[in-house]
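Each chain is listed here by its residues.
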Amino acid sequence: MNRPTLSLIAVTAALAAVTGLAMVSAPDEPGADREAAATRLPVERSSALCPAPSNSELADTTYTSYTPRSTGTPGSGSARLRPAAKESTGSGKAEPVDAKPVLTPKKPGTPVTGEDSGAGTPAWIGAARGDLAPGWTLQQTTTVSAGSGRGVLGVLCSGPDTDFWLPGASTAKNRTDYVHLTNPDDSAAVVDIELYGEDGALESSLGEDIQVQPRASVPVLLSTLTDRPQPDLTAHVTVRSGRVAAALQATDTARGADWLPPAADPAASLVLPGIPKDVTEARLIAFAPGDDADLAVRLASPTGPITPVGNETLHVKAGMTAAVDLGDITKGEAGSLLLTPTRGSSPVVAALQVVRGKGADRETAYIPATPAIGDRATVPDNRAEGTSLSLVASGAPAKVRVTSSAGSGGGTPATQTYTVRKGATLLVEPPAPKGLKGSYALTVETLSGGPVHAARTLEIPDDGIPMFTVQTFSDDRGTVSVPKAEEDLSVLQE
């Protein structure tokens, strides 16, 4: 009987490059051996899911697509957006949306923008292949000039996953919070949303078994999941079957609106980068999913870490949400928040609500705890005015390269190298592309030193209101580690 052979090495490499799966090595394999036994290849597929931007007729939304130039990319590629079907919570029915793609990306290295307006703009399901896939990022920026949803609402469209933490949610009377769930797949997803307040889990069965139909998006109003209004909540979104993207749209009647993206996974130490230098209010929300956690709170200022007087530590009880007002913590200087354990190493999740302006002219944004940028990270849709970049080195000093791409309407890329001091926040105006027309993308690369965290602030003031949004950078996962085919380990098939 003939038995054809199939190389495990070849199959693993192909799957990893297509899906973005990292190589898994034996626990006792030395690190040097792991590096020698693997190489990095560009991914061949990327996805990005954008939530429905607003229910306001005054909403104007810009979408910006960008893929950094890379070496060794797998040839010509394509990217497209398709509208997600609309679904009301619990209806079990998804109504198709007749909408044309708002943009069509064509090549790496140049941003592509598109626009839409009004309350009927759908959620979008995006996919990129070939040389448009490695590091593909998609930014959604919405401006609402009046009404309860007033503000600049910015969010990086994310890929699907199965577990999300959203500290900073609320069901208070002045808040209207929706968790948007978008399913990119051909089968339905089943999702649970758990809410945790200052006294622990809120008992309710209404957040269980939420059906998200195939290629559809559903907004879930958090206040419908509980009859106990609470100002500070942590929402935990878990997927029983399938995959979704999740993001929370928070609207405050006094402070405007913005998106709260998922926070970094629970960890003992966290970094929240990019607090505006002119912040007038800052509120820290943290949740401990396991044991009690005691955290040291430090501000990474331009000159190094300092301890805010009166808020030196934060105690977070197990299974409960803790919140503390930090006021105008930055005192006119750029800053980032560093949370480290004072004893033990109990993991936490955290986010900041930051406010600029005073009285009726206040405007809000959210900064989730975020991982280090890794090798490379990008945020698109930066403007000639109102763009600033915060870089913080939480451990050792670090050197980074910042590249401003060509503009969406023309211009020449510009690059600048920066050194970030240990425990300090460096606020910079990015190097402007020469002859800039339109908007541009910011790409940050770690060259040497310790981990770096980064955030972009985009200011679009309107009628005296300091409207703004903050987006944190995360590794773009443009490459994946795959094993080298040093020997042919084959499996026999009948």
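Residues numbered from 1 in each chain as written. Predicted model: local features only at pLDDT ≥ 70, side-chain atom pairs only at ≥ 80, totals over all residues. Heavy atoms only, no water.

(A) The overall build of the chain, seen in detail. Assigned secondary structure in the chain consists of 2 helices and 41 strands. In the chain, which comprises 494 residues, the proportion classed as buried is 51%. Partitioning the intrachain contacts of the chain with sequence separation of at least 6 by distance along the chain shows that 82% fall at a separation of at least 24. For the chain, the computed accessible surface area is about 21,100 Å², with 49% contributed by carbon and sulfur atoms. (Helix = DSSP H or I, 4+ residues; strand = E, 2+ residues; numbered from the N terminus. Buried < 20%, exposed > 50% of the residue type's maximum accessible area, 1.4 Å probe, protein only. Contact = heavy atoms within 4.5 Å. Areas by Shrake-Rupley, 256 points an atom, 1.4 Å probe, with all protein chains shown as cover.)

(B) Up close: the state of the cysteines. For the structure shown, the criterion picks out 1 disulfide. Disulfide pairing places C50 opposite C157 at an S-S distance of 2.1 Å. Disulfide C50 to C157: torsion about the S-S bond roughly 105 degrees, handedness right-handed. Taken together, the positions of C50 in strand β3 (residues 45-50) and C157 in the loop between β11 (151-156) and β12 (163-169) put the pair 107 residues apart, joining distant regions of the chain. You'll find C50 and C157 in the same group, each marked buried. (Disulfide = S-S within 2.5 Å.)

(C) A look at the environment of H180. Locating H180 in the fold gives a position in strand β13 (residues 175-183). Residues H180 and P219, spaced 39 residues apart in sequence, show a C-alpha to C-alpha distance of 4.3 Å. Not counting chain neighbours up to four residues away, the residues in contact with H180 comprise P51, A52, V218, P219, A245, A246, A247, Q249 and W259.

(D) Structural view of the pairing of strand β22 (residues 281-287). When you tally the buried positions in β22, you get 5 out of 7 residues, the bulk of the element. As defined by bridge partners, β22 adjoins strand β28 (residues 349-356) across 7 bridges and the pair is classed as antiparallel. From the neighbouring strand, A286 faces β28, where its bridge partner is A350. (Pairing = 2+ DSSP bridges.)

(E) Fine view of the sheet that holds strand β30 (residues 376-382). Strand order in this open sheet of 4 strands is β30-β37-β32-β34, and the pairing throughout is antiparallel. Each edge of the open sheet is held by one strand with a lone partner, namely β30 and β34 (414-420). Pairs of neighbouring strands in the sheet enclose a mean axial angle of 20 degrees, with direction left out of account. Examined bridge by bridge, strand β32 (residues 398-404) and strand β37 (residues 440-449) share 7 bridges and lie antiparallel to one another. Bridging from a neighbouring strand, S404 pairs with L442 of β37. (Axes fitted to C-alpha atoms, helices over the stretch in contact; angles between N-to-C directions.)

(F) Molecular detail of the pairing of β28. By the criterion of burial, β28 is predominantly enclosed, with 8 of the 8 residues buried. With burial as the criterion, each face of β28 is covered, one bearing V349, A351, Q353 and V355 and the other bearing A350, L352, V354 and R356. Relative to strand β29 (residues 363-368), β28 runs antiparallel, the two being bridged by 6 bridges. The residue bridging V355 from the neighbouring strand is T364, located in β29.

(G) A look at empty space enclosed by the protein. Under the definition given, this model contains 1 cavity of 30 Å³ or more. There is about 30 Å³ of room inside the largest cavity. If you trace the largest cavity, you find it lined by S65, Y66, T67, P105, K106, K107, T110, V112 and L132. (1 Å grid on protein atoms, 1.4 Å probe; cavity = no way out; pocket = protein on both sides within 12 Å on 5 of 7 lines; lining within 4 Å. Points joined across faces, edges and corners; volume = space filled by probe spheres on them.)

(H) Summary view of the sheet that holds strand β26 (residues 321-325). Pairing is antiparallel across the open sheet formed by 4 strands, whose spatial order is β26-β22-β28-β29. The open sheet terminates on both sides in strands that have one partner only, identified here as β26 and β29. In this sheet, neighbouring strand axes are inclined to one another by 20 degrees on average, regardless of whether the strands run parallel or antiparallel. Bridge analysis of β22 against β26 gives 5 bridges, and the strand direction is antiparallel. Within the sheet, the bridge partner assigned to R283 lies in β26 and is D325.

(I) Geometry of the environment of P451. Note that P451 resides in the loop between β37 and β38 (452-459). Taking the C-alpha atoms as reference points, P451 and D375, separated by 76 residues in sequence, lie 9.6 Å from one another. Ignoring sequence-local partners within four residues, the contact set of P451 consists of A372, V392, A393 and S394.

(J) Seen up close, the pattern of salt bridges. Taken as a whole, this structure holds 19 salt bridges when the rule is applied. A salt bridge links R255 to E281; its shortest N-O distance comes to 3.1 Å. Pair noted here: R255 is in the loop between β19 (245-252) and β20 (256-260) and E281 is in strand β22, with a separation of 26 residues, a long-range link. Accessibility expressed as a relative area gives 24% for E281, which makes it partly exposed. Ionic pairing is found between D476 and R376, a salt bridge with its closest N-O pair at 2.6 Å. With D476 in the loop between β39 (468-472) and β40 (479-483) and R376 in strand β30, the pair connects residues that are 100 residues apart, well separated along the chain. By relative accessible area, which is 14% here, R376 ends up buried. (Salt bridge = Lys/Arg side-chain N within 4 Å of Asp/Glu carboxyl O.)

(K) Inspection of the nonpolar core at higher detail. Counting 31 residues, the largest nonpolar core has L272, L284, L337, L339, L352 and V354 as the members making the most contacts within it. The element best represented in this core is strand β23 (residues 293-301), accounting for 4 residues. Judged by nonpolar contacts, the second largest core, of 27 residues, contains A189, V239, L260 and Y366. (Core = buried A, V, L, I, M, F, W, Y, C linked by side-chain atoms within 4.5 Å.)

(L) Examining the environment of S117 more closely. Assignment of secondary structure puts S117 in strand β8 (residues 112-117). S117 sits in the partly exposed class, given a relative accessible area of 44%. Separated by 57 residues in the primary sequence, S117 and D60 place their C-alpha atoms 4.4 Å from one another.

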